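Per-entry structural report
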Amino acid sequence: MTSPEMLSRQTQDAYSWLNKLIDPIPYEQWDVLPEVVESSVTWQVGHLVMSLYYHTVMVIVGHQTDILLQVPLKEYNELFTVAAPQKVTGRVEAPVLHRHLLLMQDKSLAVIRSLTTEELTGPLIPTPVPHPIANTRFEAIDWNIKHTMWHCGQLGLLKRVVHERFDFGLKIAK
């Protein structure tokens, strides 16, 4: 398996976990902000829209016009990178945000799948905000996987509080 294939598979797995966690949560519960977590599904998903774009698109191949025309990244940056979760409630419709997440996942995977092993060792596209973790494309994509799974943990806690416990399908011996 090549490095791009491995990163693509791991990224797809992380996105699959993310979708398994959020898909069953009714949109009406996305803005619930439990004190114990001090976050919401809306903020977590919006933050992931921004981070997927940054870590697997913008610093890898530069800004993409198709995404810029469909997703209000400037507004989302203010809401999901700068603002606290408490400031986001009621600002974005959950179905729209969900659609933007799926679009960003597709774009992210398309970019990763387009890369060669050699391109992964190349430097990042310069951005006004230097990447906090990575120096190469491989490192940025690898960080995206870890960052997405870290937020899956937070979403798992939120899901348990606002909707229901995630069913891993474990069979308990009696």
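Below is a summary of the structure that appears in this document.

Considerations on the packing of aromatic side chains
Counted under the stated rule, the structure contains two aromatic pairs. For the ring pair Tyr27 and Trp30, a centre distance of 5.3 Å and an interplane angle of 75 degrees mean the geometry is edge-to-face. Assessed through its relative accessible area of 34%, Tyr27 is described here as partly exposed. Judged by centre distance (5.4 Å) and plane angle (75 degrees), the ring pair of Tyr76 and Phe80 falls under edge-to-face. In this pair, Tyr76 and Phe80 both sit in helix α4 (residues 73–82), four residues apart, roughly one turn of the helix. The ring of Trp17 carries the charged tip of Lys20 above its face, separated from the ring centre by 4.6 Å.

Remarks on the environment of Leu21
If you trace the backbone, Leu21 turns up in helix α1 (residues 3–22). Judged by relative accessible area, which is 5%, Leu21 ranks as buried. Spatially, the C-alpha atom of Leu21 lies 6.5 Å from that of Gly156, the residues being 135 residues apart in sequence.

Re the layout of surface pockets
As a volume, the largest pocket reaches approximately 540 Å³. When residues of the lining of the largest pocket are traced back to their parent elements, those giving at least two are α2 (41–61), α4 and α7 (137–162). Among the residues forming the lining of the largest pocket, the class breakdown is 11 nonpolar, nine polar and one charged.

Concerning the packing of α2 against α4
For the pair α2 and α4, interaxial distance at closest approach is 9 Å and the crossing angle is 125 degrees. When the axis of α2 is compared with that of α4, the two are oblique. Between α2 and α4 lies a crossing whose hand is left-handed. Of the residues in α4, those touching α2 at Thr42, Trp43, Gly46, His47, Val49, Met50 and Tyr53 are Leu73, Tyr76, Asn77, Leu79, Phe80 and Thr81.

Regarding α2
Compared with an ideal rise of 1.5 Å per residue, which puts 21 residues at 30 Å, α2 spans 29 Å between its outermost C-alpha atoms and is within 8% of the ideal. Its maximal kink placed at Tyr54, α2 deviates by approximately 40 degrees. Extensive coverage of α2 is indicated by the burial of 20 of its 21 residues. In the stretch just after α2, Gly62 is the one whose phi turns positive, near 90 degrees.

Quick notes on the environment of Gln86
For Gln86, the position within the fold is in the loop between α4 and α5 (94–114). Each C-alpha atom, one on Gln86 and one on His98, is 19 Å from the other, the two residues being 12 residues apart in sequence. Ignoring anything within four residues of it in the chain, the contact list for Gln86 reads Leu33 and Glu38.

So, α4
Structural remark: α-helix, 3.6 residues per turn; residues separated by three or four positions point the same way. Here α4 has its buried residues at Leu73, Tyr76, Leu79 and Phe80. Taken around the axis of α4, the buried residues stretch over an arc of 130 degrees, which confines them to a single face. Exposed positions of α4 whose direction lies more than 90 degrees from the buried face are Lys74 and Val82. Residues of α4 that are buried sit in contact with α2, α3 (65–70) and α5.

Parameters and conventions
- Residue positions are given per chain, counted from 1 along the sequence in the order it is written.
- Local features in this predicted model are restricted to residues whose pLDDT is 70 or higher, and side-chain atom pairs enter the listing and the counts only when it is 80 or higher, whereas totals over whole chains, interfaces and linings include all residues.
- Excluding hydrogens and water, the side-chain values take into account all heavy atoms of the structure.
- To pair, rings of Phe, Tyr and Trp, with the six-membered ring standing in for Trp, must have centres within 6.5 Å; the planes then decide the type, stacked if under 30 degrees apart, edge-to-face if over 60, and tilted in the middle.
- Per-residue accessibility, obtained with a 1.4 Å probe over protein chains only, is compared with the maximum for each type, and a residue is labelled buried under 20%, exposed over 50%, and partly exposed between these values.
- Numbering of helices and strands runs from the N terminus; a helix is a DSSP stretch of H or I covering at least four residues, while a strand is a stretch of E covering at least two.
- Note on criteria: charge over ring means Lys NZ or Arg CZ within 6 Å of the ring centre, with the direction from the centre no more than 35 degrees off the ring normal.
- In the cavity and pocket records, a cavity denotes points on a 1 Å grid over the protein atoms alone where a 1.4 Å probe fits but cannot get out, a pocket denotes an open set with protein on both sides within 12 Å along at least 5 of 7 lines, and lining residues are residues with an atom within 4 Å of a point.
- Grid points are joined across faces, edges and corners, and a volume is the space filled by probe spheres set on the points.
- Residues are grouped as follows: Ala, Val, Leu, Ile, Met, Phe, Trp, Tyr, Cys and Pro are nonpolar; Asp, Glu, Lys and Arg are charged; every other residue, Gly included, is polar.
- In this analysis an axis means a line fitted to C-alpha atoms, helices contributing only their contacting stretch, and an angle means the value between N-to-C directions, from 0 to 180 degrees.
- The labels follow the angle: roughly parallel below 35 degrees, roughly antiparallel above 145, roughly perpendicular from 65 to 115, and oblique for the rest.
- For any helix crossing, the convention is left-handed if the near helix is rotated counterclockwise from the far helix by under a right angle, and right-handed if that rotation is clockwise.
- We call two residues in contact when some of their heavy atoms are within 4.5 Å.
- Here the expected span of a helix is defined as 1.5 Å times the quantity of residues minus one.
- A residue's bend is given by the angle between axes fitted to the 7 residues ending at it and the 7 residues starting at it.
- Taken from the helix axis, the directions to the C-beta atoms give the arc we talk about.

Keep in mind that these numbers describe shape and distance, not what the molecule does.
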